[in-house]
Amino acid sequence: MLEELIAHHCAPALAGIKPANIASCRRDAVPDVYDEIKRLNRELNRSDIYFEIICDCEKCVLIMAYRKSILKKHLETAANQKFLLQYGYPISEDIGEYISILKQRLSKNSFPHEIGVFLGYPLHDIYGFIHHRDEGCLLVGEWKVYHDREGAAELFRRFKICRAAVTKRITAGKTLAQVFCTA
């Protein structure tokens, strides 16, 4: 169940075409979610794939999947660091520190807009969402697009193809470790 959920929601990050993805998992669907995340990390960390529970409440957990090297490189860009500084993140080379701050911000009963940086959303679209919500939105897909509709549509198409390919393999009985050549 958990691997199917992660395959569906996080395939682009697992495949390395997006810095990170998130998936919400109901506790009643996967009661041993913490043990399952530990198992997945044991199996996939050697392939640079990591899973982190970034928010935990009574009914569900929010899981972030990412390739550590890709997320680190993405968060270290000057523009992304400048953006994150506005939200209290330090300039750091330690993505664990960034993730720890994101977890703290998620625990404060509001959804932090800067999560879009972790998920690879273009900064102009994050700013568009923060300042305009629906006004001026050109496309809705993985995120709300306010600039470069065609580029975003192409990315969304790639994500959809990736998601279908990974989900098909998991549904056929493969594990994430087998799909990503680590088993």
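Above this text you will find the structure in question.
Report follows, based on the coordinates. Computed from a predicted model, the values in this text were never measured in an experiment. (Residues numbered from 1 in each chain as written. Predicted model: local features only at pLDDT ≥ 70, side-chain atom pairs only at ≥ 80, totals over all residues. Heavy atoms only, no water.)

Looking at the side chain of Glu 114
Take Glu 114: it is sitting in the loop between helix H5 (95-106) and helix H6 (115-118). Exposure remark for Glu 114: the relative accessible area of 0% places this residue in the buried category. For Glu 114, the side chain forms a polar contact with the side chain of Tyr 89, separated by 2.9 Å. Look past the residues within four positions of Glu 114 in its chain and what remains in contact with it is Phe 83, Leu 84, Tyr 87, Tyr 89, Leu 102 and Arg 105. (Helix = DSSP H or I, 4+ residues; strand = E, 2+ residues; numbered from the N terminus. Buried < 20%, exposed > 50% of the residue type's maximum accessible area, 1.4 Å probe, protein only. Polar contact = N/O pair within 3.5 Å; in protein donor to acceptor, adjacent residues only side chain to side chain. Contact = heavy atoms within 4.5 Å.)

A few points about the pattern of salt bridges
If you walk through the whole model with that rule in mind, you get 10 salt bridges. Across the salt bridge formed by Glu 43 and Arg 39, the nearest N and O atoms sit 3.1 Å from each other. Pair noted here: Glu 43 and Arg 39 are both in helix H2 (residues 33-44), with a separation of 4 residues, about one helical turn. On the basis of relative accessible area, Glu 43 is assigned to the partly exposed category, the value being 22%. (Salt bridge = Lys/Arg side-chain N within 4 Å of Asp/Glu carboxyl O.)

Description of the state of the cysteines
Any covalent bond linking the sulfur atoms of two cysteines counts as a disulfide. Applying the stated criterion across every chain, the model contains 0 disulfides. Cys 57 provides the cysteine sulfur closest to Cys 55, a residue in no disulfide bond, and the two sulfurs are 6.1 Å apart. (Disulfide = S-S within 2.5 Å.)

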